[in-house]
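Inside the fold
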Amino acid sequence: MAHSAAVSQVSFAVPVGSDSTLRRSVLKPRSISFSDKSWVPSLALDLKSRNARLQNHYIVCMSLQQASRSKVAVSPLEFEDAKGPPLNLYKPKEPYTATIVSVERLVGPKAPGETCHIVIDHGGNVPYWEGQSYGVVPPGENPKKPGAPNNVRLYSIASTRYGDNFDGKTATLCVRRALYYDPETGKEDPSKSGICSNFLCNSKPGDKVQITGPSGKIMLLPEDNPNATHIMIATGTGVAPFRGYLRRMFMEDIPTFKFGGLAWLFLGVANTDSLLYDDEFTKYLQDYPDHFRYDKALSREQKNKSGGKMYVQDKIEEYSDEIFKLLDGGAHIYFCGLKGMMPGIQDTLKRVAEQRGDSWEQKLSQLKKNKQWHVEVY
């Protein structure tokens, strides 16, 4: 890759099967400033042909003395200096005009629906922390308020503050295309499709996108104890903030944050083809088996103990003793996904608590008081 500045070689194994989120093995020096607009990453990647060529092999860029677990250098490290997260730098009335870098389909052919991995260049002007959201204002006018812009739609950011290019200039969204099917005819009705998700999934590199934010504090990753336990429960695109956490914990070389705790991800999707970022998570499992656990609930392929479909709450029940012990020991627990996921999960946790002779209401209020309980559903 051509590059005018001197570069340092960084080593890591990149999974490139169904997901090419690690984009570069040659990274920029750390001296590039946060406000430097002149440097534009050259991302000439023909992902489809590269994926076809390489299938599930790893691209390994490493010298003999380096282990495959070497982490990726990131910049600008000034991002670590802020005392608190950036909040609402851009409002809906004056959004920031960002640029689409790439749009890739994340799911296989047998997945119901389409989920896209969308990288957005914000030029370093809309910084954020892991667990925050961007607002997107889709083009066109609000159907309910003629002449006014469309309402903002919030999307959890799926990258760390350094972005997928590790340079602090991009953010990644994980977006499922919202389609509407007429219950009587079974046919798709484009007039009722999600305006924003379809705009994002249809966008092309170079297209402009209006963004607001960043917003949100509830899903920020608490880093005061680098050896804490973090239990993450996601359905579908709710995995977005957790991808950010895990890249920060296991992929990036952050001098001020060395994770030594346990991260445990539960991901609920329909089937194997619907798994999101599975290559990345599987790689962490191989490289950090003492610090990462990964459990999948595939509702159309697995059965729970009663013979019904395996949902994420069934997986939680399977490991409930361990989960409750970890929570008693101060673990953080996070939930992200469609709001329909929460009643089933709460019922399961309540049942398990009662079997243990505990009151779930008391337990929940204690978890909230201790700031161990983090929920973002939509």
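Residues numbered from 1 in each chain as written. Predicted model: local features only at pLDDT ≥ 70, side-chain atom pairs only at ≥ 80, totals over all residues. Heavy atoms only, no water.

**Focus: the pairing of strand E10 (residues 170–176)**
The buried count for E10 comes to six of seven residues, which makes it a mostly enclosed element. In terms of strand pairing, strand E7 (residues 115–121) meets E10 through seven bridges, oriented antiparallel. Among the inter-strand pairings, Cys 116 is bridged to a residue of E10, identified as Val 175. (Buried < 20%, exposed > 50% of the residue type's maximum accessible area, 1.4 Å probe, protein only. Helix = DSSP H or I, 4+ residues; strand = E, 2+ residues; numbered from the N terminus. Pairing = 2+ DSSP bridges.)

**Thoughts on the pairing of strand E8 (residues 133–137)**
Both faces of the sheet carry side chains from a regular strand, because those side chains alternate between them. Along E8, five of the five residues are buried, which leaves the element largely enclosed by surrounding structure. The sheet contact formed by E8 and strand E11 (residues 208–215) spans four bridges and is antiparallel. When the bridges of E11 are listed, Gly 135 appears paired with Thr 212. With four bridges connecting them, E8 and strand E9 (residues 153–156) associate as antiparallel partners. Bridge assignment links Tyr 134 to a residue of E9, and that residue is Tyr 155.

**Some points on the sheet that holds strand E6 (residues 96–105)**
Strand order in the open sheet made by the six strands is E9-E8-E11-E6-E7-E10, with antiparallel pairing throughout. Of all the strands in the sheet, just E9 and E10 have a single pairing partner and so form its edges. Sheet twist, expressed as the mean angle between neighbouring strand axes with direction ignored, is 40°. (Axes fitted to C-alpha atoms, helices over the stretch in contact; angles between N-to-C directions.)

**Some details on a positive patch on the surface**
Positive charge collects at one region of the surface, where Arg 176, Arg 300, Lys 303 and Lys 309 lie side by side. Along the chain, the position of Arg 300 falls in the loop between strand E15 (292–298) and helix H5 (312–318). What makes Arg 300 exposed here is its relative accessible area of 54%. (Patch = residues over 30% accessible without salt bridge, like charges linked within 9 Å, V, L, I, M, F, W, Y side chains within 5 Å. Areas by Shrake-Rupley, 256 points an atom, 1.4 Å probe, with all protein chains shown as cover. Salt bridge = Lys/Arg side-chain N within 4 Å of Asp/Glu carboxyl O. Lys, Arg positive; Asp, Glu negative; His and termini not counted. Charge placed at Lys NZ, Arg CZ, Asp CG, Glu CD.)

**A closer look at the nonpolar core**
Core analysis: the biggest nonpolar cluster contains 40 residues, and Phe 242, Leu 246, Met 249, Phe 250, Leu 265, Phe 281 and Phe 292 have the highest contact counts within it. Residue assignment for this core shows that the elements contributing at least two residues are strand E12 (229–235), helix H3 (240–250), strand E14 (262–269), helix H4 (278–287), E15 and strand E16 (332–337). Broken down by element, this core gets its largest block of residues, six residues, from H3. Ignoring sequence-local partners within four residues, the contact set of Phe 281 consists of Val 239, Arg 243, Leu 246, Leu 265, Leu 276, Phe 292 and Tyr 294. Judged by nonpolar contacts, the second largest core, of 24 residues, contains Ile 231, Ile 316, Ile 323 and Ala 353. (Core = buried A, V, L, I, M, F, W, Y, C linked by side-chain atoms within 4.5 Å. Contact = heavy atoms within 4.5 Å.)

**Considering the packing of helix H6 (residues 320–328) against helix H8 (residues 360–369)**
The contact between H6 and H8 brings their axes to 11 Å, and the two run at 50°. Taken together, the axes of H6 and H8 are oblique relative to one another. Like other packed secondary-structure pairs, H6 and H8 cross with a definite hand, here left-handed. Taken together, the residues of H8 that come into contact with H6 (itself represented by Phe 324, Leu 327 and Asp 328) are Trp 360, Lys 363 and Leu 367. Considering only residue class, the contact of H6 with H8 consists of four nonpolar, no polar and two charged. (Parallel < 35°, antiparallel > 145°, perpendicular 65-115°, else oblique. Left-handed = near helix turned anticlockwise from the far one by under 90°. Nonpolar A, V, L, I, M, F, W, Y, C, P; charged D, E, K, R; others polar.)

**A word on the sheet that holds E15**
The strand order E15-E14-E12-E16-E17 describes an open sheet built from five strands, whose pairing is parallel. What marks the edges here is a single partner per strand, and that holds for E15 and strand E17 (373–377). Sheet twist, expressed as the average angle between the axes of neighbouring strands with direction ignored, equals 10°. As defined by bridge partners, E12 adjoins E16 across five bridges and the pair is classed as parallel. Residue pairing across strands places His 230 opposite His 332, the latter belonging to E16. Together, E12, E14, E15 and E16 form the strand contacts of H6, whose direction differs from that of E14 by roughly 135°.

**Examining H6**
Three- or four-residue spacings in an α-helix give side chains the same orientation, since the helix completes a turn every 3.6 residues. Restricting attention to buried positions, one finds in H6 the residues Ser 320, Ile 323, Phe 324 and Leu 327. Buried residues of H6, viewed axially, fall in a sector of 95°; they line one side. On its buried face, H6 sits against E12, E14, H5, E16, helix H7 (341–355) and H8. At the C-terminal side of H6, Gly 330 shows a positive phi close to 100°. (Arc of directions from axis to C-beta.)

**Structural notes on the packing of aromatic side chains**
Ring pairs (aromatic) are described by centroid distance and by the angle formed between their planes. This model, assessed by the stated rule, comprises 22 aromatic pairs. The cationic tip of Arg 243 hangs over the ring face of Tyr 277; the distance from NZ or CZ to the ring centre is 4.5 Å. One residue, Arg 293, lies across the ring of Trp 264, its end atom 3.7 Å from the ring centre. (Phe/Tyr/Trp six-rings, centres within 6.5 Å; stacked < 30°, edge-to-face > 60°. Lys NZ or Arg CZ within 6 Å of the ring centre and 35° of its normal.)

**So, the confidence of the model for the protein chain**
The share of residues in the protein chain with pLDDT of 70 or more is 81%, and the mean pLDDT across the chain is 85. Note that pLDDT drops below 50 for residues 1–68; the model gives that stretch 137 contacts with residues more than four away or on any other chain. (pLDDT = per-residue confidence, 0-100.)

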